[in-house]
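Fold and contact review
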Amino acid sequence: MLCTGKIDCDRDLFQLSYIESKLFHYEMKDDVCFTPWSFTNMISLILGVSYTFARIPFALKIFVSCCEAVAFVLIVFFQFAFNFQHSATTIPFMKAEVSHCLRVCMMLATMYAKERQSEFNTKMNYKLNVDLQNKQKAADVTNQSIVILLNNILPSHVVNLYLNSLAKHQLYYENYQMVSVMFAMLINFPMNLASLRVLNEIITEFDRLLTAYREYHVVEKIKVVGCTYMAACGLDFNLASNIRQSSHFRNSSLHFEVEQARTHRTTVGTTEDNYNEDVNNDEVVFMMTTFALDLMRTLSACNRAHSNSYFERSLSSAEICIGISSGEIMAGVVGASQPHYDIWGNPVNMASRMESTGLPGHIQVTEESAKILQEFDILCIYRGMTFVKGRGEIPTYFVGIDENLKFMSAKLANHSWSRRFSVMSSLTPNSQDTDSSDWDGSSDS
């Protein structure tokens, strides 16, 4: 409508006024017809607005602007040719109508180049955003993979603390007042290429068993060296105390066994106050011994499975020798490129000595651990004075295990074997009391 209003002009009257102004030498009135250069500038402005503010695709913008330019050319050369031919020119010796068309064409080319650059920038920004999102997703996947790998290398409660310490370039370590350490070594098992697959299957079964214990945050695998499997219990007291209050733990056989052991300790004279203060730490010895017994059961099942295979029958005679000790230790992460979680302290050395001086098919414990197990109604048989490197001769004990790989009850040791279960099977309700006479006279044949 603006354009129509601007080109409203009587061509005959304009031509007559123009001729008279030239003949009689006077200025022609401005209101006779529109000013050509104002119309040209208005068309240029319309082109700019069409490119800049129209939310339409780039191809459609080109089509609209070309239609506007063609309409302007038709007006200049056909409808109002006399008006534009007799207007001022911008360049000497150039026709006025050509100057008008040149300005509009320059505006069209300028806006086209601007829009092309804007379109290119938009596409590049979109591509950069897509690449950034892809890199962010890849970084998230990498971070998740790193966390998964660290959880397989380090205990779960250590991962976040270790990452924070690593970011601050600090050494990560922990001190524990009561931790039970276990060394389990396969005996009569040849270490060669042919037996490597069987060894891997046995260690894998041990790890699957460990998963059931790690679910309650009570037993943690430290490392495997050759045929020796090292684990510890009690490296995270906060999680262990919280798990004992969860419904999942209350419904498990491990919870039933612990409650039976707690009941036994209460009946033999342990007060509730002392129980709340000390028993949480003492339970790690009981759970570590339970895990050790389940290792023996797992190895027995693996031997039975391999005995049925003709090619693996020679590897079905493997036995396990287990040593357990408990006490104060220090734990931490060593290494930068390949971090390793390890523990240090006297219980670690003593557990290794208990394993090296033990007998196949037995769990040998120190006197301190044996006293704790006695409180949980587990029979500990006095072996005698055993020479231990660095300590001399010390009293050691074998955990009472019957031919069915079940704990012997300290209360019923003198007249019958009681059925006792670990994580795989529950304790019998009758195992509640302790007979202190089992500590002095028994010896393992």
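Source: prediction; values computed, not measured. Residue positions are given per chain, counted from 1 along the sequence in the order it is written. Per-residue local features are limited, in this predicted model, to residues with pLDDT of at least 70; the limit for side-chain atom pairs, both in listing and counting, is 80 or more; totals at the level of whole chains, interfaces and linings are taken over all residues. In computing side-chain properties, one takes all heavy atoms of the structure into account and sets aside hydrogens as well as water.

**Points about the overall build of the protein**
- Helix and strand content of the protein: 14 helices and eight strands.
- For the protein, buried positions account for 43% of its 445 residues.
- The long-range fraction of contacts in the protein, counting pairs at least 24 apart against all pairs at least 6 apart in sequence, stands at 70%. Secondary structure elements are taken from DSSP: a helix is a run of H or I of four residues or more, a strand is a run of E of two residues or more, and numbering for both begins at the N terminus. Working definition: with a 1.4 Å probe on protein chains only, accessible area under 20% of the residue-type maximum means buried, over 50% means exposed, and in between means partly exposed. What makes two residues a contact is simply this: any of their non-hydrogen atoms within 4.5 Å.

**So, the nonpolar core**
- Ranked by internal contacts, the top residues of the largest apolar core, which has 48 residues, are Met182, Val219, Tyr229, Phe291, Ile320, Ile322 and Ile363.
- Secondary structure elements with two or more residues in this core: strand S1 (173-187), helix H8 (193-214), strand S3 (228-233), helix H12 (272-307), strand S4 (319-334), strand S6 (363-366), helix H14 (367-375) and strand S8 (392-399).
- Take this core: its biggest share by element is 12 residues, from H12.
- Not counting chain neighbours up to four residues away, the residues in contact with valine 219 comprise Leu210, Tyr213, Arg214, Ala231, Ala232, Cys233, Met288 and Phe291.
- The definition of a nonpolar core used throughout is a set of buried Ala, Val, Leu, Ile, Met, Phe, Trp, Tyr and Cys residues joined through side-chain atoms within 4.5 Å. One finds Phe183, Ala232, Ile329 and Ala351 within the second-largest nonpolar core, a separate group that totals 21 residues.

**Let's talk about the side chain of threonine 396**
- Residue placement: threonine 396 occurs in strand S8.
- Within the structure, the side chain of threonine 396 is placed 2.8 Å from the side chain of threonine 386, a separation counted as a polar contact.
- With residues up to four places along the chain from it excluded, the contact list for threonine 396 reads Met354, Gln364, Val365, Ile381, Tyr382, Arg383, Gly384 and Thr386. Polar contacts, as used here, are pairs of N or O atoms within 3.5 Å; protein pairs need one atom able to donate a hydrogen and one able to accept it. Residues neighboring in sequence count only if both atoms are side-chain atoms.

**Considering the environment of methionine 354**
- In this structure, methionine 354 sits in helix H13 (residues 346-356).
- Of the residues examined, methionine 354 reaches a relative accessible area of 0% and is grouped as buried.
- Placed 30 residues apart in sequence, methionine 354 and isoleucine 324 show a C-alpha to C-alpha distance of 6.5 Å.
- Residues within four places of methionine 354 in sequence aside, it is in contact with Ile322, Gly323, Ile324, Gln364, Val365, Thr366, Val388, Ile394 and Thr396.

**Here's the deal with the confidence of the model for the protein**
- pLDDT measures the predictor's confidence residue by residue and takes values from 0 up to 100. Looking at the protein, the pLDDT average stands at 77 and 74% of residues meet or exceed 70.
- For the stretch residues 414-445, pLDDT sits under 50, and the model shows 100 contacts to residues farther than four places along the chain or on other chains.

**A short note on a nonpolar patch on the surface**
- Residues forming no salt bridge and having over 30% relative accessible area are the ones grouped into patches, like charges within 9 Å of each other and nonpolar side chains (Val, Leu, Ile, Met, Phe, Trp, Tyr) within 5 Å. For the area figures, the Shrake-Rupley method with a 1.4 Å probe applies, and any residue is considered shielded solely by the protein chains shown. Any carboxyl oxygen of Asp or Glu within 4 Å of a side-chain nitrogen of Lys or Arg constitutes a salt bridge here. Among the surface-exposed residues, Val70, Val73, Leu74, Phe77 and Phe78 lie close enough to one another that they form a single nonpolar patch of about 480 Å² accessible area.
- Summarising the element assignment, phenylalanine 77 is placed in helix H4 (residues 58-79).
- Owing to a relative accessible area of 38%, phenylalanine 77 belongs among the partly exposed residues under this scheme.

**Observations concerning the state of the cysteines**
- Count a disulfide wherever a pair of cysteine sulfur atoms falls within 2.5 Å. In the structure shown here, the tally under the stated rule is zero disulfides.
- Lacking any disulfide linkage, cysteine 67 is separated from the closest cysteine sulfur, that of cysteine 66, by 7.1 Å.
- Cysteine 105 takes part in no disulfide bond, and the closest cysteine sulfur to it belongs to cysteine 101, at a distance of 6.2 Å.

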